Amino acid sequence: MPHDILLLPGDGIGHEVMLEAEAIIAFLNETGLADVRTERDLAGGTAYDAIGAPMSDATMAKALRCGTVLFGAVGGDQWDHVPYALRPEVAFMRLRKEMDLFANLRPAICPPALAGASSLKAELVEGLDVMIVRELTGGVYFGEPKEIVTLENGRRRAVDTQCYDEDEIERIARVAFDLAGKRQGRLASVEKSNVMKSGLLWRQTVTRMGREDYAGVDLRHLLADNCAMQLVRMPKQFDVILADNLFGDMLSDVAAMAAGSLGMLPSASLGVRDAAGRLPALYEPVHGSAPDIAGKGIANPIAMIGSLAMLLRHSLEREDLAAALERAVSQVLDQGLRTGDIAPQGHVGVVGTRVMGSAILDAFRGACERL
Ligand code: NAD
């Protein structure tokens, strides 16, 4: 039975980088390496222009039915005037919420060929491969009360609530422990248990799970501020980092700097597997719609292709294809091919989206022959 994938290119460069992912999917189907059925639909500003909303209920229903979404990017200045509830970004907020995508996976990888493009010293990031697992649906971004109130003295007070149930901690920790078990077997759990009750429950819960269920994983705990410092001091010490919504948001951006460009960073957001074994999941590059370069054919497609590799790994459970696609990206970078965002100053022969995408597809074709 084919695996259904809903493609939502979105706005701006979302369209351009999605075309490269579609070419790879077409190759997988043609060669019989995978059986994937795709459907394209509108999301973001493009959807707003067509139907007056960033995503239709019918598209949302399709996403829930397919279970697997490959997303481009949404947004752009031309929709700045749109009412808040109809803004392009509402499309992915709605997908995350209605698909209950609680686990955000953001790899920070620095292939040796790109070590010079990072703002950190090359020897610190060369070969870096860290996975940040961020809790995505709870914590201080969603906790109630969340309000600005006026006090008796006329001054205002803002309140956000950091709140985690044990069940919420357990389900995200399980994702992180399982991933660590499949990688180098090391997990760093991050919180502020010294000053926050939610951090204390986080540490107690993760410690218990490590002892009872994951004795094979080397678990350590770090305070979030120390983790941020360690990420820029010695990032290669980490394998998997587990954090709540707020700390994960910040730490994944810190780690991202190691990779040198937004155009390199894929992500996956995973939900709860249902009784039939189906995993609701959304895969997307970390970058936005990049209005400054949209339509010029110069966007780096690697973040999108990396997101497709994550889809092959987690939704199709084809580690062989995922690893081959990631190897193809490394091979092309080793050969010196560079889009503008990852090219050193004065680099001769900077290529555009199509050339980079086709080169990766060619390398992937070769890698697949050896599978
Ligand atoms: P952005 O990620 O779109 O761009 C930031 C900078 O990085 C730009 O200079 C851009 O040219 C460059 N860049 C990004 N992706 C690139 C790629 N693949 N190749 C080469 N260069 C790349 O962030 P922004 O400019 O802050 O936001 C633009 C729009 O995107 C806004 O409307 C914002 O709300 C939206 N946005 C959407 C998402 C999403 O859909 N998930 C994420 C972030 C921002």
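Because the structure is predicted, anything quoted here is derived from the model rather than measured.

**Examining the pattern of salt bridges**
(1) Moving on: Evaluation of the coordinates by the stated rule reveals 28 salt bridges.
(2) Moving on: The partner of D57 in a salt bridge is R94, and the shortest N-O contact between them spans 2.8 Å. With D57 in helix 3 (residues 57-66) and R94 in helix 4 (residues 90-98), this pair connects stretches of sequence that are 37 residues apart.
(3) Moving on: Among the ionic pairs, R313 bridges to E319, the shortest N-O distance being 2.6 Å.
(4) Moving on: The exposure class assigned to R313 is partly exposed, which follows from its relative accessible area of 22%.

**Brief notes about the nonpolar core**
(1) Moving on: If you look at the biggest cluster of nonpolar residues, it comprises 71 residues, and the most contacted ones within it are L70, L105, V133, L242, L325, I360 and F364.
(2) Moving on: Mapping this core onto the domain boundaries places at least three of its residues in each of domain 1 (1-107 + 262-371) and domain 2 (119-259).

**Brief notes about the domain arrangement of the protein chain**
Accessible area lost when the parts come together is the quantity often used to give the size of an interface.
(1) Moving on: Partitioning the protein chain into domains gives domain 1 (1-107 + 262-371) and domain 2 (119-259).
(2) Moving on: Each of domain 1 and domain 2 was reduced to a C-alpha centroid, and the two centroids are 25 Å apart.
(3) Moving on: With 15 residues of domain 1 at the interface, the matching set in domain 2 holds 16 residues.
(4) Moving on: Among the residues of domain 1 in contact with domain 2, F102, N104 and R106 are the three that bury the most area, contributing 50% of the side total.
(5) Moving on: Counting across the domain 1 and domain 2 interface gives two salt bridges.
(6) Moving on: Between R106 and D253 there is a salt bridge; the shortest N-O distance is 3.0 Å.
(7) Moving on: Summed over the shared surface of domain 1 and domain 2, the number is six residue pairs in polar contact (both at pLDDT 80 or more).
(8) Moving on: When contributions to the side of domain 1 that touches domain 2 are tallied by element, the ones reaching two or more residues are strand 4 (103-110) and helix 10 (302-314).
(9) Moving on: Ranked by residues supplied to the side of domain 1 that touches domain 2, first place goes to strand 4 with five residues.

**Some words on the site of the ligand**
(1) Moving on: In the region of the ligand, 21 residues are neighbours, and V74, E89, G288, A290 and D292 sit closest.
(2) Moving on: Between S289 and the ligand, the recorded distance is 3.2 Å, taken from a backbone N or O atom to an oxygen atom.
(3) Moving on: In this structure, an oxygen atom belonging to the ligand sits 2.8 Å away from a side-chain N or O atom of D292.
(4) Moving on: Burial of the ligand by the protein chains amounts to 68% of its free accessible area of 800 Å².
(5) Moving on: For the shell around the ligand, the residue count by class is ten nonpolar, seven polar and four charged.

**Re the sheet that holds strand 3 (residues 68-73)**
(1) Moving on: Read across the open sheet, the ten strands follow the order 2-1-3-12-11-4-5-10-8-9; overall the sheet is mixed. The open sheet is flanked by strand 2 (36-40) and strand 9 (218-223), the only strands paired with a single partner. Sheet twist, expressed as the mean angle between neighbouring strand axes with direction ignored, is 20°.
(2) Moving on: For strand 11 (residues 266-270) and strand 12 (residues 281-285), the ladder comprises five bridges, and the chain directions are antiparallel. Bridging across to strand 12, L270 finds its partner in A281.
(3) Moving on: Helix 3 contacts strand 1 (3-10), strand 2 and strand 3 of the sheet and is inclined by roughly 140° relative to strand 1.
(4) Moving on: Packing of helix 8 (residues 224-233) onto the sheet brings it into contact with strand 8 (186-191), strand 9 and strand 10 (240-243), and relative to strand 9 it is tilted by some 105°.

**A look at the side chain of N300**
(1) Moving on: Inspection of the secondary structure assignment puts N300 in the loop between strand 12 and helix 10.
(2) Moving on: Reaching out from N300, the side chain makes a polar contact with the backbone nitrogen of I302 at a distance of 2.9 Å.
(3) Moving on: Polar contacts involving the side chain of N300 include one to the side chain of T339, which spans 3.3 Å.
(4) Moving on: With residues up to four places along the chain from it excluded, the contact list for N300 reads V17, G263, M264, H287, T339, D341 and I342.

**Some words on the packing of aromatic side chains**
Two measures describe an aromatic ring pair: the distance that separates the ring centres and the angle between the ring planes.
(1) Moving on: Overall, the coordinates contain four aromatic pairs when judged by the stated rule.
(2) Moving on: Seen from their ring centres, F27 and F364 are 5.6 Å apart, and the 70° between their planes marks the pair as edge-to-face. You can see F27 sitting in helix 1 (residues 13-30) and its partner F364 sitting in helix 12 (residues 353-369), a full 337 residues away along the chain. We note that F27, like F364, is buried.
(3) Moving on: Ring centres of F71 and F92 lie 6.1 Å apart, and the angle between their planes is 90°; on these two criteria the pair is classed as edge-to-face.

**Here we look at the packing of helix 3 against helix 4**
(1) Moving on: As a packed pair, helix 3 and helix 4 sit with axes 11 Å apart at the nearest point and diverge in direction by 45°. Comparing their axes, helix 4 and helix 3 come out oblique. Pair helix 3 / helix 4 crosses with right-handed handedness. Between helix 3, through D57, M60, A63 and L64, and helix 4, the contact on the second element is made entirely by R94, L95 and E98.

How each quantity is defined
- Residues numbered from 1 in each chain as written.
- Predicted model: local features only at pLDDT ≥ 70, side-chain atom pairs only at ≥ 80, totals over all residues.
- Heavy atoms only, no water.
- Salt bridge = Lys/Arg side-chain N within 4 Å of Asp/Glu carboxyl O.
- Helix = DSSP H or I, 4+ residues; strand = E, 2+ residues; numbered from the N terminus.
- Buried < 20%, exposed > 50% of the residue type's maximum accessible area, 1.4 Å probe, protein only.
- Core = buried A, V, L, I, M, F, W, Y, C linked by side-chain atoms within 4.5 Å.
- Domains from an automatic or database assignment.
- Contact = heavy atoms within 4.5 Å.
- Buried area = accessible area lost by both parts, 1.4 Å probe.
- Polar contact = N/O pair within 3.5 Å; in protein donor to acceptor, adjacent residues only side chain to side chain.
- Near = heavy atom within 4 Å.
- Areas by Shrake-Rupley, 256 points an atom, 1.4 Å probe, with all protein chains shown as cover.
- Nonpolar A, V, L, I, M, F, W, Y, C, P; charged D, E, K, R; others polar.
- Pairing = 2+ DSSP bridges.
- Axes fitted to C-alpha atoms, helices over the stretch in contact; angles between N-to-C directions.
- Phe/Tyr/Trp six-rings, centres within 6.5 Å; stacked < 30°, edge-to-face > 60°.
- Parallel < 35°, antiparallel > 145°, perpendicular 65-115°, else oblique.
- Left-handed = near helix turned anticlockwise from the far one by under 90°.

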